[in-house]
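Next come the chains, spelled out residue by residue.
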Amino acid sequence: MQLLDGKKTSEDIKNEIAAEVLRMKADGQKVPHLAAVIVGTNGASLTYVGSKVKSCQQIGFESTLVSLSENISEEELLDKIKELNEDDDLDGYIVQLPLPKHIDEQKILMAIDPDKDVDGFHPANFGKMALEMETFLPATPYGIMELLERYKVETAGKHTVVIGRSHIVGRPMSILMSRKGYPGDSTVTLTHSRTRNIEEYTKNADIIITALGVPNYLKGDMVKDGVVVIDVGITRVEDASHPKGYVITGDVDFASVSPKSSFITPVPGGVGPMTIAMLLKNTLLARKIRSRK
Ligand SMILES: Nc1nc(=O)c2c([nH]1)NC[C@@H]1CN(c3ccc(C(=O)N[C@@H](CCC(=O)O)C(=O)O)cc3)C=[N+]21
């Protein structure tokens, strides 16, 4: 069993980006500028946005945090988005999800300028991804592809089973793994809440990618020997014995699954940190594309 160390790999990637930022500076070029919009004060969202800002400082990016009230109207948020689209100094931004219920998420994501959509959530970018064109790949799936590549995990002709069909993880992941080239060329099954007898798929999978948000869902008796397991789940489970009052728990029952696996991501320290690194990589790409125009 080998750990796919997302913490270390994300540090490697950030160091690579930092070196490139230094070169840009030495050339007198503008450094990448990323903004994050956060509506309300969800604890997990704050943690994520906080580490994004910290990472920007670490690698020499400019960053802006746009903190908005939980009670902001959809119209006001759309005005803010328009402002960010028109801000020539800004290379890319994300609108942290989920948004409060009174705001139509789809409408907001559609309003983001696709050239600044470093999350890769806009339909134009999602379409480009599916058609194998150059674009911003959604950060979490992109991070998983990067982990597979850096650890030289074989994917061609393998049976990949994705659990979960969310627009930001499961669905794009299923597309990326079936795309031509490496990592990809996989035969993909996309399973979800309406799938019957899911173990029949997981037991026959060479690679399993779980994006469910159900702590410890995948058990050792659901997988075959030698399986590659990617755990996208990050649920805060209350635990009074820990200083923060919770533990971050994945979708995979690590104790029973890891002995049967060839490669496996830990939680925390797996896919999560990779997501942030790839968001930064997308922002670097956004800056490069904008500097050509
Ligand atoms: N527009 C948008 N884009 C996103 O990419 C996006 C989003 N909204 N909304 C929320 C989810 C979640 N997400 C995480 C990223 C990093 C960690 C991460 O670094 N996790 C650490 C643990 C951090 C902790 O202590 O909570 C780890 O797994 O090791 C977690 C979660 C990005 N998301």
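Only a predicted model underlies this, so the values are computations on that prediction, with no experimental measurement involved.

Q: What's the story with a positive patch on the surface in this structure? I'm lost.
A: The grouping of Arg 165, Arg 171, Arg 194 and Arg 196 at the surface amounts to a positive patch. One can find Arg 171 in helix 7 (residues 170-178). Residue Arg 171 is classed as partly exposed on the basis of its relative accessible area of 31%.

Q: Looking at this structure, I do not really get the domain arrangement of the protein. What am I missing?
A: How big an interface is tends to be stated in terms of the accessible area lost upon association of its parts. Here the domain parsing of the protein yields domain 1 (28-113) and domain 2 (139-272). Using C-alpha coordinates to define each centre, domain 1 is positioned 28 Å away from domain 2.

Q: Explanation requested: the nonpolar core in the structure shown.
A: Inside soluble globular proteins, nonpolar side chains tend to come together where they are buried. Counting residues in hydrophobic clusters, the biggest one holds 51 residues, and the most contacted among them are Ile 17, Phe 61, Ile 144, Ile 209, Ile 230, Val 232 and Leu 280. Those elements giving two or more residues to this core turn out to be helix 1 (6-26), strand 2 (33-39), helix 2 (43-59), helix 6 (139-150), helix 7, strand 7 (207-210), strand 8 (227-231) and helix 10 (271-292). With ten residues, the top contributor of residues to this core is helix 10. Grouped together as the second largest cluster of nonpolar side chains are 19 residues, Val 39, Val 66, Leu 84 and Leu 109 included.

Q: Help me understand helix 6 in this model?
A: Think of an α-helix as turning once every 3.6 residues; residues three or four places apart then point the same way. Compared with an ideal rise of 1.5 Å per residue, which puts twelve residues at 16 Å, helix 6 spans 16 Å between its outermost C-alpha atoms and is within 8% of the ideal. Most of helix 6 sits out of view: ten of its twelve residues are buried. For helix 6, every residue scored as buried is listed here: Ala 139, Thr 140, Pro 141, Tyr 142, Gly 143, Ile 144, Met 145, Glu 146, Leu 147 and Leu 148. In this structure, the buried side of helix 6 is in contact with helix 1, helix 7, strand 7, strand 8 and helix 10.

Q: Any chance you could explain the packing of helix 1 against helix 6 here in plain terms?
A: Axis angle and axis distance: for two packed helices, these are the angle between their axes and the distance between the axes, and together they describe the pair. Helix 6 packs onto helix 1 with a crossing angle of 95 degrees between their chain directions and a minimal axis gap of 11 Å. In terms of orientation, helix 1 and helix 6 fall into the roughly perpendicular class. Seen from helix 1, the contacting residues are Gly 6, Thr 9, Asp 12, Ile 13 and Glu 16; seen from helix 6, they are Glu 146, Leu 147 and Arg 150. Its residues assigned to classes, the contact of helix 1 with helix 6 comprises two nonpolar, two polar and four charged.

Q: Quick question: what am I supposed to make of the site of the ligand here?
A: What surrounds the ligand is a group of 16 residues, the closest being Tyr 48, Val 95, Leu 97, Asp 119 and Gly 269. Within the contact set of the ligand, an oxygen atom lies 3.3 Å away from a side-chain nitrogen or oxygen of Tyr 48. Relative to its unbound accessible surface of 670 Å², the ligand loses 80% to contact with the protein. Of all the elements in the fold, those that place two or more residues in the shell around the ligand are helix 2 and helix 10. Ranked by residues supplied to the shell around the ligand, first place goes to helix 10 with four residues.

Q: Is there a simple way to explain the pattern of salt bridges in this structure?
A: Should their charged atoms come close, side chains of opposite charge can pair. Under the criterion given, the structure shown has 17 salt bridges. A salt bridge links Glu 20 to Arg 23, with the shortest nitrogen-to-oxygen separation between them at 3.7 Å. On the criterion of helical spacing, the pair formed by Glu 20 and Arg 23 is a turn pair, its members being three residues apart in helix 1. Judged by its relative accessible area of 21%, Glu 20 falls in the partly exposed class.

Q: Hey, could you run me through the pairing of strand 6 (residues 187-191) in this one?
A: Inspection of the sheet shows strand 5 (residues 159-163) paired to strand 6 by five bridges, in the parallel sense. Looking across to strand 6, one finds that Val 161 is bridged to Thr 189. The parallel pair strand 5 and strand 6 is bridged by helix 7, and the resulting crossover is right-handed.

Q: When you look at the sheet that holds strand 5 in this model, what are you seeing that I'm missing?
A: The strands making up a sheet associate through hydrogen bonds between their backbones, and the pairing can be parallel or antiparallel. As summarised here, the arrangement of the six strands in space is 1-11-8-7-5-6, forming an open sheet in which the pairing is parallel. Because the sheet does not close on itself, it has two edges, and the strands there are strand 1 (2-3) and strand 6. Two elements, strand 8 and strand 11 (residues 261-264), share three bridges in a ladder whose sense is parallel. Each bridged residue has a counterpart across the sheet, and for Val 229 the counterpart in strand 11 is Ile 264. Packed on one face of the sheet, helix 7 meets strand 5, strand 6 and strand 7 and runs near 170 degrees to strand 6.

Q: When you look at helix 1 in this model, what are you seeing that I'm missing?
A: Taking 1.5 Å as the rise per residue, helix 1 with 21 residues should run 30 Å; its terminal C-alpha atoms sit 30 Å apart, in good agreement. Those residues of helix 1 that sit buried are Gly 6, Thr 9, Ser 10, Ile 13, Lys 14, Ile 17, Ala 18, Val 21 and Met 24. N-cap assignment for helix 1: the residue whose side-chain oxygen lies 3.1 Å from the backbone N of Lys 7 is Asp 5. Once helix 1 ends, the next one or two residues include Gly 28, with phi positive near 75 degrees.

Calculation notes
- Residues numbered from 1 in each chain as written.
- Predicted model: local features only at pLDDT ≥ 70, side-chain atom pairs only at ≥ 80, totals over all residues.
- Heavy atoms only, no water.
- Patch = residues over 30% accessible without salt bridge, like charges linked within 9 Å, V, L, I, M, F, W, Y side chains within 5 Å.
- Areas by Shrake-Rupley, 256 points an atom, 1.4 Å probe, with all protein chains shown as cover.
- Salt bridge = Lys/Arg side-chain N within 4 Å of Asp/Glu carboxyl O.
- Lys, Arg positive; Asp, Glu negative; His and termini not counted.
- Charge placed at Lys NZ, Arg CZ, Asp CG, Glu CD.
- Helix = DSSP H or I, 4+ residues; strand = E, 2+ residues; numbered from the N terminus.
- Buried < 20%, exposed > 50% of the residue type's maximum accessible area, 1.4 Å probe, protein only.
- Domains from an automatic or database assignment.
- Core = buried A, V, L, I, M, F, W, Y, C linked by side-chain atoms within 4.5 Å.
- Expected span 1.5 Å × (residues − 1).
- Contact = heavy atoms within 4.5 Å.
- Axes fitted to C-alpha atoms, helices over the stretch in contact; angles between N-to-C directions.
- Parallel < 35°, antiparallel > 145°, perpendicular 65-115°, else oblique.
- Nonpolar A, V, L, I, M, F, W, Y, C, P; charged D, E, K, R; others polar.
- Near = heavy atom within 4 Å.
- Polar contact = N/O pair within 3.5 Å; in protein donor to acceptor, adjacent residues only side chain to side chain.
- Pairing = 2+ DSSP bridges.
- Right-handed = clockwise from strand over helix to strand, strands pointing away.

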